[in-house]
Structure formats: structure tokens, C-alpha cells
Amino acid sequence: MARILLGVSGGIAAYKAVELVRLATGAGHSVRVVQTEAAERFVGRATFEGITGAPVLVDEFEPDPVRGAYPGDPAPDHSPISHLELVRRADVYAIAPASANTLAKLAAGIADNLLTAAALASEAPLVIAPAMNDRMWSHPATRANVETLRARGATILPPGTGALASRGEWGAGRLAEPPEILAAIEEALRAGPFAPRSLDGLRLLVTAGGTREPIDPVRFVGNRSSGRMGFAVAEEAARRGAEVMVVAANVSLARAEGIRYVDVETAAELRDAVREAFPAVDAVVMAAAVADFRPAEPVAEKIEKAGREGLTVELEPTVDVIAELAAERSAGQLLVGFAAEHGDAAVDRARAKLERKGLDAVVVNDVSRADIGFDVPENEVTIITAAGEQQVPRASKEDVAAAILEAIERLRAEHVHAGGAGPA
Ligand code: CTP
């Protein structure tokens, strides 16, 4: 389900945020909590950590033990900047309770703690549930701040009227009830770019990594693929509700919960694993860099250097797995291939590949650039389908994965509209 970032600011209503987190995790969402220093005086981190199963952060400079990952995500293999990574991954940012002070900072764009810095860096839908004393709520400054935030597109859940925290006080200022806040969060998710469970019911097979073809027991012909792109597609698909299986060729990255992984080494093993799974899936994303050639006669014992002038290894072609699947698929099974191309004619060559191999989409990487593609966290691709081309500007592999899955969603929708007549 969704990744929710919850900002908790200072106020007695912070105890209700505990209930909100309990409801949200119970509904299947992964939640990370950031608190202000004042909030920590009302509810300790341990309470939120116990319920979310993830560390709580307060200070912008404290290291995040899980490096921005949400529960269920594998942690990245580098240390990103906390407030940027938490919001980059968030599908929605909810702030509950939002104190008068936090509202004022949000309206003014002040970023003097982790909660507000994260808000300034966030592009996710913002849901704000204020709570404060009724005179603070009705103060013209607060009214203006709320209007500013609303005009910018934030969802504001007005506080309820009733008994307030300080003894004998009554008025508008009580934090909205947790079920109401969760409903607003889910509504914001539906309206936002993240469509929860948009791949519900899709059985997806993803290949990732790079195959290794033995020359002898210790040497191989391999490539630089790390598996990051394929793993990002698999994790994003699982989050959108797909049932995901990954055939991983020599990938040393962390594994996500809820995804089935099958490890292989060679192109032949990858082919066997893919063919076995293929009849029971609806779509295949072939992100693995599969060797096109392998040593024709791998040697059973380690080749000794002594007494040799040189070494010639003869290579023979491997089976093109995705082309083979295309020839055998049943109606409606979608096939997405990758193409490692370079230079100006990259898109034309990839389009030719789409047609030659009989694929539904080809994702083109420009491998002549060192800053994107192989073994780095970012990518920039063009997605080619029969309908046209979509440029995905340089972005994290997670965002590129989202674009690839949106292309699959469109292809599925076209298939349904075409009356279910799948590609031949
Ligand atoms: N592929 C495959 N089986 C192979 C080789 C490649 O299924 N034996 C798949 C890859 O997983 C990828 C696509 O085919 O999805 C890449 O196509 P490929 O023909 O290998 O092209 P490139 O590697 O991009 O380059 P070239 O055109 O030079 O072969």
C-alpha cells in the first residue's frame, strides 16, 4: 500500500497521532514518523517506533538507521539526506497534529527542523490536521496561514469543537479524529499521482541483474548490470498490488518483503527459470542484461597461465529469451524488453528491436553515458511502444520504474478496450 510520512508537532493531541499510526499500519500502509522537539515532550519516539517498526527522526542531522526506507522496503546502499529521502519516497505527507507554530512555518516556507524541511522538499500531497487552543485557531494570523496552505493545494482537516486540553476550556481546536484523518490521507492518495493498488491482480515476472557465463570454474564472461533497475520495477509493482516474481542474475542488493526471488547465474539458467514461470504470469519486464554469447566449451578445471602464450575463448550465441517468449505467448501477455543503445540512432534501433522481437514496449538506455544506466542509482530512458515514444527525464531508478509501470497500466487498459484481443 502507500508510504505515509507523518509529521507530529507539539501539542497534547500528539497522543492521537499514535492512534492514527495504529490505524494506518493496520490498513496496510507503511508509515515513517518525524517529530518536532516539542512533540517529543508529549509522546516519546519509542511509542511510534513500536507501532511503525521504523526509526523516528527529530533532528535533521541525525543519521537515519534505515536511510530513508519505509517498512517493507530494502534500505538503499548509500546514505541519502534524511529529509529529502523520506519525502522522495512518500506517497503522502500528513502533519497531525499541526500546531499553530508549525502551520505558520509551513505557510511561510520556513525549514528550521526536520518536519518543516521535509515539507518544503516534498512534492507529495499534503494533509494537515491542526490542533491548538481556540483563540490561537481563530487568530487572524492562523486563519491567514490556513488559507495560504489551502490555496497551495493542501488538504486541511479543520479541528473539531469541544472540550480543549486545558481544564475548563471549550471551543474549536480539537484535533480531527484519527479515522477521519486516515480517510483524508487515503482520499489525497487517490487524487494524487499514486494510485494505490493500480496493479491489483497483475502477475508480473521481472528479470534483473546480469548473467555470468563460465569460462572455467573461476572465470566468467559477465556485464556491469547491478540489478537496481529491475529490483526497482519489482518493488514498485508490488507496492501497486502486483504479485511479483523476480529472476535475479547475480544481484547482491537487499530483497523486499512480499516478492518471490529466484536466483540464477547463467543465461541458460535464467531462460529455464523464466520459461517455467511464464505460463502463469500476465506481464514480463526483462530488465536483466542477458549474455548474447557464452563460451562454447567451458573448461572443467581452472585454466593455468603457465606455458601459455595467450588464450582464445570461442563464444557461441545464447537463446534470445524474450524473443522466444514473444513467439510462444498467449493472448494478453505483455512483454517489456530493455535495450542498451548508444548515440543518436538509439531510439530508431530500439524501435526496430520492438518490432523484430515482437514486444509491447522497449525501454531504451543510452549506455554511452556514465552518469545513468549501469550500476548507478539514476537512469534516463525512452519508453517505446507501438503508440509512440515517452521520454523519462533523468530520475531515480524508482521514479523510472514508476514510469515503466504506468506504461504497462496503459498497455493493459488498451488491451481491455480492444476487447481482450491480446498481441499475437
Ligand atoms: N535478452 C534476452 N535474451 C538474450 C539477450 C537479451 O531476453 N539472450 C533481452 C534482454 O533482457 C533485454 C533485451 O533482450 O530485455 C535486450 O536486447 P538485446 O537484443 O540483447 O539488445 P542489446 O543488449 O540492447 O544490444 P544488441 O542489439 O547489440 O544485442
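This report concerns the structure included in the present document. Note that the coordinates shown come from a computational prediction; the quantities given were computed from them, not determined experimentally.

## Observations regarding the site of the ligand
And step 1. Around the ligand sit 16 residues in total, of which A288, F338, A340, K353 and K357 are the nearest.
And step 2. Backbone polar atom of F338 to an oxygen atom of the ligand: 2.8 Å apart, as the coordinates give it.
And step 3. Here an oxygen atom of the ligand sits 2.7 Å away from a polar atom, N or O, in the side chain of K353.
And step 4. Taken together, the elements giving at least two residues each to the shell around the ligand come down to helix 12 (321–328), strand 16 (334–341) and helix 13 (346–357).
And step 5. When residues in the shell around the ligand are grouped by element, the largest group, 4 residues, is from strand 16.
And step 6. In the shell around the ligand, the residues fall into 10 nonpolar, 2 polar and 4 charged.

## A closer look at the pairing of strand 17 (residues 361–366)
And step 1. In terms of burial, strand 17 is largely enclosed, as 5 of its 6 residues are buried.
And step 2. Judged from the 6 bridges that link them, strand 16 and strand 17 form a sheet pairing that is parallel. Bridging across to strand 17, V336 finds its partner in A361.
And step 3. Remark: the strand 16/helix 13/strand 17 crossover connection has right-handed handedness.
And step 4. Judged from the 5 bridges that link them, strand 17 and strand 18 (residues 378–385) form a sheet pairing that is antiparallel. Counted as the bridge partner of A361 is T385 from strand 18.

## Considering the pattern of salt bridges
And step 1. Taken as a whole, this structure holds 32 salt bridges when the rule is applied.
And step 2. Residues R3 and D73 are paired through a salt bridge, measuring 2.9 Å at the closest nitrogen-oxygen approach. In this pair, R3 is assigned in strand 1 (residues 3–8) and D73 in the loop between helix 3 (45–52) and helix 4 (82–89), connecting sequence segments 70 residues apart.
And step 3. By relative accessible area, which is 9% here, R3 ends up buried.
And step 4. Put simply, E341 and R349 hold a salt bridge, and the shortest N to O gap is 2.9 Å.
And step 5. When its relative accessible area of 7% is taken as the criterion, E341 is described as buried.

## Overview of the pairing of strand 13 (residues 283–286)
And step 1. Burial of strand 13 is two-sided: the residues A283 and V285 facing one way and the residues V284 and M286 facing the other way are all buried.
And step 2. Judged from the 4 bridges that link them, strand 8 (residues 203–209) and strand 13 form a sheet pairing that is parallel. Across the sheet, residue V206 finds its bridge partner in strand 13, namely V285.
And step 3. Here 4 bridges tie strand 13 to strand 16, and the two strands are oriented parallel to one another. Residue pairing in the sheet places V284 in a bridge with L335 of strand 16.

## Looking at the environment of R329
And step 1. For R329, the location among the structural elements is in the loop between helix 12 and strand 16.
And step 2. In the structure, R329 is positioned 119 residues away from G210 in sequence and 24 Å away in space, judged by C-alpha atoms.
And step 3. One polar contact links the side chain of R329 to the main-chain carbonyl oxygen of G358, over a distance of 2.6 Å.
And step 4. Side-chain polar atoms of R329 contact the side chain of D360, separated by 2.7 Å.

## Some thoughts on helix 9 (residues 178–191)
And step 1. If you check helix 9, its first and last C-alpha atoms are 20 Å apart, about what 14 residues at 1.5 Å a residue would give, namely 20 Å.
And step 2. Residues of helix 9 that are buried include every one of P178, I181, L182, A184, I185, A188 and L189, and no others. The buried side chains of helix 9 occupy one side of the element, clustering within an arc of 160° when seen end-on. Among the exposed residues of helix 9, those oriented more than 90 degrees off its buried face are P179, R190 and A191.

Thresholds, definitions, all that
- Residues numbered from 1 in each chain as written.
- Predicted model: local features only at pLDDT ≥ 70, side-chain atom pairs only at ≥ 80, totals over all residues.
- Heavy atoms only, no water.
- Near = heavy atom within 4 Å.
- Polar contact = N/O pair within 3.5 Å; in protein donor to acceptor, adjacent residues only side chain to side chain.
- Helix = DSSP H or I, 4+ residues; strand = E, 2+ residues; numbered from the N terminus.
- Nonpolar A, V, L, I, M, F, W, Y, C, P; charged D, E, K, R; others polar.
- Buried < 20%, exposed > 50% of the residue type's maximum accessible area, 1.4 Å probe, protein only.
- Pairing = 2+ DSSP bridges.
- Right-handed = clockwise from strand over helix to strand, strands pointing away.
- Salt bridge = Lys/Arg side-chain N within 4 Å of Asp/Glu carboxyl O.
- Expected span 1.5 Å × (residues − 1).
- Arc of directions from axis to C-beta.

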